[in-house]
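Results of the structural survey
Single-letter residue listing:
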Amino acid sequence: MSTSRTARPRTPATRHARTGLIQITVTGVLWGTTGVAVQLLRESTGLSPVSIGFHRLAIAALVLLACTACRLGATVAALRAAPVPLLLTGVGLGLYQALYFAAVALAGVSVATVVSLGLAPVLAAAWESLRARRTPDPLRLATLVTAVVGLALITGATADPTAAAPAPLLGLLAAAGSGLGYAVTTLISGQVSRRTAPMALTTISTVVGALTLLPLALVAGPTVPVRPDTLALLLHLGVVTTAVAYALFYAGLRTTPGSVAAVLTLLEPLTAAALAVTLLHEPLPPPVIVGGVLLLTAVAATYLAPTRAASP
């Protein structure tokens, strides 16, 4: 008689949970390419961050509308089935980007990134704990703290110390508003993603988000020089970092809690720092290395408990 213990097969729920984690991890990496593209675009065109954000969403909306033209009826039906959460997701998508851009201009990149990205997973975890009427799981809490500390180290070491902060208090409030908007939008879209196809959700949210930013972009001046390099960067922002990334994000939210998703997308600043070192030849300070290790540790810890991470 064999004494070996038979391995327990993975259940469909476990497989779906791990797939959701992978989808959101890829999202964080794709979002991490945004910073370098935006920096190159601003240097070559002088566009404001809000205008770039509008073009990013507008291009994504046009591409998604073209790709889903044959399923336009299903997209309209999804909007009719859940109009309020879908519209809130789109408005939130546009507003938290605008608030983040404002925070960068008023208080600098460091404050904007740490407050907005660091606040989102904390708020999402607090809401999920309140709704479930239980304290956060120790592993998830430790993962959250590790990820936020890693984020602070990376952002503090890569921010420009000479960057002007003309209105730090207003910038701090804008960054907090951006973090709150990101957390709320993630929680809302996580709920609606369970009954709405990812492509329909992404299409609706990008269209509404672009319309939300349109007035701000018109004030800032949305004119874009038509050059191959400019168009390539805008297409990358619209197609790769928005259309594809948000489709993966919303698909992953079907099985991943908002607080876990917010932690995984903290790979965005880590990816941005790696690209800055590789493509822009920026230095690699020791705090970035330590912060990167902490963030990767947090992501690894999330993957070690996929079933628990996917529990609603």
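Residues numbered from 1 in each chain as written. Predicted model: local features only at pLDDT ≥ 70, side-chain atom pairs only at ≥ 80, totals over all residues. Heavy atoms only, no water.

For the rest of this paragraph, the subject is the overall build of the protein. Each helix and strand counted, the protein has 14 helices and zero strands in total. For the protein, the succession of helices and strands along the chain, N to C, is α-α-α-α-α-α-α-α-α-α-α-α-α-α. A fraction of 91% describes how many contacts in the protein between residues 6 or more apart in sequence connect residues 24 or more apart. Per element, the accessible surface of the protein, about 14800 Å² overall, is 72% carbon and sulfur. (Helix = DSSP H or I, 4+ residues; strand = E, 2+ residues; numbered from the N terminus. Contact = heavy atoms within 4.5 Å. Areas by Shrake-Rupley, 256 points an atom, 1.4 Å probe, with all protein chains shown as cover.)

For the rest of this paragraph, the subject is the pattern of salt bridges. In a structure, side chains of opposite charge can pair up when their charged atoms sit close to one another. Summed over the entire model, instances satisfying the criterion amount to one salt bridge. Measuring nitrogen to oxygen at the nearest pair gives 3.3 Å for the salt bridge that ties Asp 229 to Arg 227. (Salt bridge = Lys/Arg side-chain N within 4 Å of Asp/Glu carboxyl O.)

This paragraph deals with the packing of helix H3 (residues 49–67) against helix H9 (residues 198–220). Close contact between H3 and H9 brings their axes to 7 Å; oriented N to C, the two are set at 145°. The chirality of how H3 crosses H9 is left-handed. Residue-level inspection shows Val 50, Ser 51, Gly 53, Phe 54, Leu 57, Ala 58, Ala 60, Ala 61, Leu 64 and Leu 65 of H3 in contact with H9, the latter providing Met 199, Thr 202, Thr 203, Thr 206, Val 207, Gly 209, Ala 210, Leu 213, Leu 214, Leu 216, Ala 217 and Ala 220. A class-by-class count of the residues in the contact of H3 with H9 yields 16 nonpolar, six polar and no charged. (Axes fitted to C-alpha atoms, helices over the stretch in contact; angles between N-to-C directions. Left-handed = near helix turned anticlockwise from the far one by under 90°. Nonpolar A, V, L, I, M, F, W, Y, C, P; charged D, E, K, R; others polar.)

Moving on to the packing of aromatic side chains. Taken as a whole, this structure holds six aromatic pairs when the rule is applied. With a centroid separation of 5.0 Å and 50° between ring planes, the pair formed by Trp 31 and Tyr 246 is classed as tilted. Remark: Tyr 246 occurs in helix H10 (residues 228–252) and Trp 31 occurs in helix H1 (residues 12–32); sequence separation between them is 215 residues. Each member of the pair, Trp 31 as well as Tyr 246, is classed as buried. Ring geometry for Tyr 246 against Phe 249: centres 6.2 Å apart, planes inclined by 90°, an arrangement best described as edge-to-face. Taken together, the residues Tyr 246 and Phe 249, both in helix H10 and three residues apart, mark about one turn of the helix. Each member of the pair, Tyr 246 together with Phe 249, is buried. Through successive ring pairs, a cluster of aromatic residues spans Trp 31, Tyr 246, Phe 249 and Tyr 250. (Phe/Tyr/Trp six-rings, centres within 6.5 Å; stacked < 30°, edge-to-face > 60°. Buried < 20%, exposed > 50% of the residue type's maximum accessible area, 1.4 Å probe, protein only.)

A separate point is a nonpolar patch on the surface. Residues Val 111, Leu 169, Leu 170, Leu 172 and Leu 173 make up a contiguous nonpolar surface patch of roughly 470 Å² in combined accessible area. Along the chain, the position of Leu 173 falls in helix H8 (residues 168–192). (Patch = residues over 30% accessible without salt bridge, like charges linked within 9 Å, V, L, I, M, F, W, Y side chains within 5 Å.)

Moving on: the nonpolar core. Residues Tyr 182, Tyr 246, Phe 249 and Leu 264 are the most contacted members of the largest nonpolar core, which totals 46 residues. The leading source of residues in this core is H9, at six residues. Apart from residues lying up to four places away in sequence, Phe 249 is in contact with Ile 24, Thr 27, Trp 31, Tyr 182, Thr 186, Ala 261 and Thr 265. Val 38, Leu 47, Ile 59 and Leu 234 belong to the second-largest nonpolar core, a separate cluster that totals 10 residues. (Core = buried A, V, L, I, M, F, W, Y, C linked by side-chain atoms within 4.5 Å.)

This part takes up the confidence of the model for the protein. Overall, the prediction assigns the protein a mean pLDDT of 82, with 88% of residues at 70 or greater. The weakest mean pLDDT in the protein belongs to helix H14 (residues 306–309) at 47; the strongest belongs to H10 at 92. Note that pLDDT drops below 50 for residues 1–8; the model gives that stretch zero contacts with residues more than four away or on any other chain. Counting interchain partners and residues more than four positions distant, the pLDDT-below-50 stretch residues 307–312 has 15 contacts. (pLDDT = per-residue confidence, 0-100.)

What follows covers the environment of Thr 19. Relative to the helices and strands, Thr 19 resides in helix H1. Taking the relative accessible area as the measure of exposure, Thr 19 reaches 40% and is therefore partly exposed. On a C-alpha basis, the gap between Thr 19 and Ala 251 in space is 9.3 Å, while along the polypeptide they are 232 residues apart.

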